[in-house]
Amino acid sequence: MLNNLTDTEEGDGGAQSQGDSIPKESSPFINSSDAAAEKSQQYDGKNMALFEEEMDTSPMVSSLLSSLANYSNLPQGSKEHEEAENNEAESSRKKPVKAPQLGTLMGVYLPCIQNIFGVILFLRMTWLVGIGGVVGTFVIVTMCCTTTMLTAISMSAIATNGVVPAGGSYYMISRSLGPEFGGAVGICFYLGTTFAGAMYILGAIELLLIYIAPQAAIFPLEGLEGPEAEAALLNNMRVYGTILLTSMATVVFVGVKYVNKLALVFLACVILSILAVYAGVIKTGIDAPDFPVCLLGNRTLVWKTFDVCSKTVETANGTVTTQLWSMFCDSPFLNATCDKYFTANNVTRIQGIPGVASGILSENLFGTYYEKGDLIARTNMDSVEDQDDPLTNANRYVLADIASFFTLLVGIYFPSVTGIMAGSNRSGDLRDAQKSIPVGTIAAITTTSLVYMSSVILFGACIDGVVLRDKFGEGVHGNLVIGTLAWPSPWVIVIGSFFSTCGAGLQSLTGAPRLMQAIAKDGIVPALRIFGHAKANGEPTWSLLLTACICEIGILIASLDLVAPILSMFFLMCYMFVNLACALQTLLRTPNWRPRFKFYHWALSFLGMSLCLTLMFLCSWYYAIVAMVIAGSIYKYIEFAGAEKEWGDGIRGLSLSAARYALMRLEEGPPHTKNWRPQLLTLVSTDAEQNVEQPRLLSLTNQLKAGKGLTIVGTALVGTFLENYEQSQRAEQALRKLMETEKVKGFCQVTVSSNLRDATSHLIQASGLGGLKHNAVLVSWPRNWRQGDEHQTWRNFVELVRETTAADLALLVPKNVAAFPSNGERFTEGHIDVWWIVHDGGMLMLLPFLLRQHKVWRKCKMRIFTVAQLDDNSIQMKKDLTTFLYHLRIDAMVEVVEMHDSDISAYTYEKTLVMEQRSQMLKQIKMTKTEREREIQSITDSSRGSIRRKNPAAVTTQLSVSEEPPAGSEEEKPEEEVQLIHDSTTPASPATPATPLTPAEGVQSPGTQVQMTWTEKCDGEPAKPPGAATPEGIKDLFNMKPEWENLNQSNVRRMHTALRLNEVIIKKSSEAKLVLLNMPGPPKNRTGDENYMEFLEVLTDGLNRVLLVRGGGREVITIYS
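For the structure given in this document, a descriptive report is provided here.

Thresholds, definitions, all that
Residues numbered from 1 in each chain as written. Predicted model: local features only at pLDDT ≥ 70, side-chain atom pairs only at ≥ 80, totals over all residues. Heavy atoms only, no water. Helix = DSSP H or I, 4+ residues; strand = E, 2+ residues; numbered from the N terminus. Buried < 20%, exposed > 50% of the residue type's maximum accessible area, 1.4 Å probe, protein only. Areas by Shrake-Rupley, 256 points an atom, 1.4 Å probe, with all protein chains shown as cover. Core = buried A, V, L, I, M, F, W, Y, C linked by side-chain atoms within 4.5 Å. Contact = heavy atoms within 4.5 Å. Salt bridge = Lys/Arg side-chain N within 4 Å of Asp/Glu carboxyl O. Expected span 1.5 Å × (residues − 1). Arc of directions from axis to C-beta. Disulfide = S-S within 2.5 Å. Pairing = 2+ DSSP bridges. Phe/Tyr/Trp six-rings, centres within 6.5 Å; stacked < 30°, edge-to-face > 60°. Lys NZ or Arg CZ within 6 Å of the ring centre and 35° of its normal. Axes fitted to C-alpha atoms, helices over the stretch in contact; angles between N-to-C directions. Patch = residues over 30% accessible without salt bridge, like charges linked within 9 Å, V, L, I, M, F, W, Y side chains within 5 Å.

Here's the deal with the overall build of the chain
Move 1: Counting its secondary structure elements, the chain contains 34 helices and 17 strands.
Move 2: By residue count, 54% of the 1121 residues in the chain fall in the buried class.
Move 3: Surface accessibility of the chain: about 50200 Å² in total, with carbon and sulfur atoms responsible for 57%.

Structure below.
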């Protein structure tokens, strides 16, 4: 048993193999060896005998502690891959894994530094300061660094709340927010990491083609202007980017050990480059470097094809024109025709890097934003120009290559603060992850934030504004702008940043496939399962191929400035959900939420989440919407098609808290009439195999509910809970399966009791929770209730009617439920007829309206019939009812049926007589022979005595039994009781109908079959029921010829009403698809229960689909808004 509990898969994120149903974190043990498993089966018979029977399921504490001590959380990452590559021959034999040894510095701090410092710092930071100004850029840096710091605090709390297996941020989010959020955010984080790889590759190619080897361009830029030059540059980026991506992917495929060995080299390049910048800043205060910039008027010139920043030069031979003159004039002579702007303005040579003590900071405090194609001009210099003259020789000037605005700068800058997850992603390699992750991550963010903030100020204080705004350094001889500041040489930055970007790209191509592999192995996204496969050494080959393909999309975009906002979206979304996870866990106060890192607060997490959301829309509102749509689509896909997972996540806890809050609110009072809808308790029966016998009852439930409100499907079982627990579980599974098939959204409940009546009563009383309780009961009509062995079924049914009335619950009883339509059927025409006889809260009006919302009944029209008595004005009734329906906003045809008083027919008397005789027969079945003979004699004496009375109209025969059933008849034989709506499997007694309207009732007595038939003669006089082949007592009863006056007159009147109503309903609604009518209540005296069933049977005789409705004692429909 211990092996089953602890034998989980080693892998990224604790991922289980292909949707394994036992996730790693659900086990009470983290890991164990075979020795620990064997040890758990051993115990000291003397000391542990008290617990020996539970030893299989509850092992000794020593085995638990042993498994914890032997636990190793090394990820399926670099170390295993290197060992697999170096020891392929021994791969089949599992080797003991060395305990992780990395500390805070090497395991968290330096990897975070390497991932945070990147291409943006070297290629775009100076441009950001020039465009946004020192103040604006400082605000951007502060906002982004604050966001990552708050996210790091939340991440530290999550990472120190127990063991975080490899998988890092994906593992933390998925286990904190559930599989849906985890999958959505995990895929977004994967896409962000993949596009980061594309950004690093584009940065490396930009460094190569612009600053290192411009002559290597496949599509030459010389002589091209405007869009043509831009297109050529982008095509070069695409070609070289694809080549570099292929090379990097090949390196990763061959083996990550090369990437890991080069990691320190790349890190050294980053640190040396940054130190070179700071050294250069210090040097400018002592001796500013000579990087001149040539201005024509106030416009910056591209210093590439001329040598001297002057129009003319004085030589020994006189004044000579320069190469600059030739660029703007048609000849080298002084009398040449030149560009108007060139002629009107002087050429000025300024120092591009005046130094930190020059006071240039004041000029760079505020930003200057450009449209695409605008001239990069110095703001504090005047120039002579005619606004009407078109711009000529545009390629001679430094131009803005893109339109710039504040939010664009945010999107471009934010990728330079990502990478804070590098430490948590290596949690399996750390000696003490719960200590190293918070300290290392927060220290790394603090360091990088200080570097970025100081860079903003120092760049603004050292470099002239026109140079800062010159993105590609065209005004400083094509040098990298940040390189001009570096000491001892610009090439330190150029070469260092090239290698660091290449290294960062390799790290992205190494990490992203493993993240995808972790998601695929978790099995939450079925479509991604193929990407969980790997080579023999665990290399995620398919995931690497997918990553390379997505990365190629970013490279085809070919612009660093366009790719950066895309990955900003995905990283921001990931960080937002890390903050949300921490805030949720803190607010919900989950018992398992016990982080070792104590410096967190839910308010900080919410602030971080708000900042992430704000930055998303600041960067690019349309990218933000696209990212949210992608995440939302993945969320819904996982919700509907993903594997079922229970990870103890915060969303589950949030649902519980929200449900508790909502239930407490519901307790404040009953719902208003406007909000009333049937909250159904559907009672079904199951057969011996625990299969539901009336599946159409759930179809009707679905049609009434349409997925709204509360639905509880309940069934009752006879026995004791201990002995029938497995049976109840099978019944519950059968209910769930049928509910899923019939698309009924709700809950199921199985109750076990000593008898079915009590079990059903318990369901009615105990179902629901707090204010979320049922207000209506749906139960099918008991078929074959007239059979003698089904006597308890109809008794239970009548008791159910009484209990719902006492509990103020509505009752819906479909008769002939097997004839009701399934959810797949469609009525193309027809009517739903409502027979509104008495008003019981408006249920009869509301139910057809709800049914017609479902596609099965949508095309049926609604008709409402009401009955007018002799004293009623039927015309006025029709007008009033039409007006009432108009105010109710219900479309229905209205008809008033007049039912005048008429004489009670002989048929009515005969029907009543048979009913009372049958009631007496049912009573006799349950009596002993002595009791039966005594009862028959009592009935005979009473009947003969009542004939002699002078007022026969007031006579009440004993055929309507006055005594209660013999005491003990139910208590002594509980096993004879039949479930409320359970159809008996014993064959029904054959009936011999005499006429179509007067079916005979076959009654099954213990050991003897009695055929009870009667006919109606032409003169209306009843015939003698035959009594042959019956016990003597029964024969005497039938041979006795009672007078009609001896019948219970109340029963006669009721039978008369039932017959008249049935006759009218048959006449008007025989073709209706469904008939709804009021269900009369049962008699207060239980001695008339048999007669009550007969009345209902007569009332609904000849109708195909009937829904008997009994209100719950409150108004459920209103005319008010």
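A word on the nonpolar core
Move 1: Within the largest apolar cluster, 165 residues are counted, with the highest numbers of intra-cluster contacts made by M125, M199, Y413, Y452, F459, I463 and F577.
Move 2: Once you skip the residues sitting within four places of it in the chain, M199 turns out to touch V119, I120, P415, L560, V563, A564 and L567.
Move 3: In this structure, L680, L700, V713 and C748 belong to the second largest nonpolar core, which totals 49 residues.

Thoughts on the pattern of salt bridges
Move 1: Within the structure shown, the criterion is met by 16 salt bridges.
Move 2: E230 is paired through a salt bridge with K372; the nearest N and O atoms lie 3.1 Å apart. Note that E230 is positioned in helix α9 (residues 226–254) and K372 in the loop between β5 (347–351) and α13 (406–413), a separation of 142 residues in sequence.
Move 3: Residue class for E230 comes out partly exposed when judged on its relative accessible area of 35%.

Structural notes on the side chain of T448
Move 1: Topologically, T448 is positioned in helix α15 (residues 433–462).
Move 2: By relative accessible area, which is 3% here, T448 ends up buried.
Move 3: Discounting residues that sit within four places of it in the chain, T448 has contacts with I113, I116 and F117.

Examining helix α29 (residues 874–887)
Move 1: With 14 residues, α29 ought to run about 20 Å at 1.5 Å a step, and its terminal C-alpha atoms sit 20 Å apart, in line with that.
Move 2: Of the residues making up α29, those classed as buried are S874, L881 and L885. One face of α29 carries all of its buried residues, which in axial projection span an arc of 35 degrees. Exposed and facing more than 90 degrees away from the buried side of α29 are I875, K879 and Y886.
Move 3: In the core, the buried residues of α29 are packed alongside β11 (831–836), α28 (843–851), β12 (861–868) and β13 (893–898).
Move 4: Phi for R889, located one or two positions after α29, is positive at around 60 degrees.

Looking at the state of the cysteines
Move 1: All told, the structure shown has two disulfides when counted by the stated rule.
Move 2: Disulfide partner of C294: C309, at an S-S distance of 2.0 Å. Its torsion about the S-S bond being 85 degrees, the disulfide of C294 and C309 is classed as right-handed. Pair noted here: C294 is in strand β1 (residues 292–296) and C309 is in the loop between β2 (299–300) and β3 (312–315), with a separation of 15 residues, a long-range link.
Move 3: Of the residues examined, C309 reaches a relative accessible area of 12% and is grouped as buried.

Quick word on the pairing of strand β4 (residues 318–321)
Two faces belong to every sheet, and in a regular strand the side chains alternate between them.
Move 1: As paired elements, β3 and β4 share four bridges and run antiparallel to each other. Counterpart to T315 in the pairing with β4 is G318.
Move 2: Counted between consecutive antiparallel strands, the loop separating β3 from β4 contains two residues.

Quick notes on the sheet that holds β5
Move 1: On the basis of which strands lie adjacent, the open sheet formed by three strands has the order β2-β1-β5 and antiparallel pairing. Edge positions in the open sheet fall to β2 and β5, since each of these has one partner strand only.
Move 2: Sheet topology note: the β1/β5 ladder contains five bridges and is antiparallel. Opposite C294, over in β5, you have R349 as the bridge partner.

What about the packing of aromatic side chains?
Move 1: Evaluation of the coordinates by the stated rule reveals 24 aromatic pairs.
Move 2: Ring centres of W303 and F306 lie 5.2 Å apart, and the angle between their planes is 20 degrees; on these two criteria the pair is classed as stacked. The residues W303 and F306 share a single accessibility class, namely buried.
Move 3: Here F827 and W857 contribute two aromatic rings whose centre-to-centre distance is 5.0 Å and whose plane-to-plane angle is 55 degrees, an arrangement assigned as tilted. Linking F827 in the loop between β10 (810–815) and β11 with W857 in the loop between α28 and β12, this pair joins segments that are 30 residues apart in sequence. The residues F827 and W857 share a single accessibility class, namely buried.
Move 4: An aromatic cluster is defined as three or more aromatic residues linked by ring pairs; in this entry it consists of W325, F328, Y341, F342 and Y397.
Move 5: Geometry around Y341 places R299 over its ring, the cationic atom sitting 3.6 Å from the centre.
Move 6: One residue, K471, lies across the ring of W127, its end atom 4.4 Å from the ring centre.

Focus on helix α22 (residues 621–641)
Counting along an α-helix, one turn takes 3.6 residues, and residues three or four places apart therefore face a common direction.
Move 1: Here α22 is 21 residues long and its end C-alpha atoms lie 30 Å apart, about the 30 Å a rise of 1.5 Å per residue gives.
Move 2: Within α22, the full set of buried residues consists of A624, A627, A631, I634 and I638. For α22, the angular spread of buried residues about the axis comes to 100 degrees, placing them on one side. Looking at α22, the residues exposed on the side facing more than 90 degrees away from the buried face are W621, V629 and F640.

Remarks on the sheet that holds strand β16 (residues 1074–1078)
Move 1: Reading across from one edge, β8-β7-β6-β9-β10-β17-β16-β11-β12-β13 is the order of the ten strands in this open sheet, with mixed pairing throughout. Of all strands in the sheet, those with a lone pairing partner are β8 (747–753) and β13, marking the two edges. Put simply, the sheet's adjacent strands are angled 20 degrees from each other on average, direction ignored.
Move 2: Bridge analysis of strand β9 (residues 776–779) against β10 gives three bridges, and the strand direction is parallel. What sits directly across from A776, in β10, is A810.

Notes on a nonpolar patch on the surface
Move 1: Taken together, the side chains of L613, F617, W621, Y622, I625, M628 and V629 present a nonpolar region at the surface, about 670 Å² in accessible area.
Move 2: Elements with a minimum of two residues in the nonpolar patch: α21 (602–619) and α22.
Move 3: Per-element accounting of the nonpolar patch gives the leading share, five residues, to α22.
Move 4: Inspection of the secondary structure assignment puts I625 in helix α22.
Move 5: Judged by relative accessible area, I625 falls into the partly exposed class, the value being 39%.

Looking at the pairing of strand β17 (residues 1106–1110)
Move 1: Among the five residues of β17, five are classified as buried, and the element is accordingly described as predominantly covered.
Move 2: Taking every second residue as pointing to the same face, both faces of β17 are buried, with V1106, L1108 and R1110 on one and L1107 and V1109 on the other.
Move 3: The pairing of β10 with β17 spans five bridges and is antiparallel. Directly across from L812, in β17, lies its bridge partner V1109.
Move 4: Here β16 pairs with β17 via four bridges, running parallel. Among the inter-strand pairings, V1075 is bridged to a residue of β17, identified as V1106.

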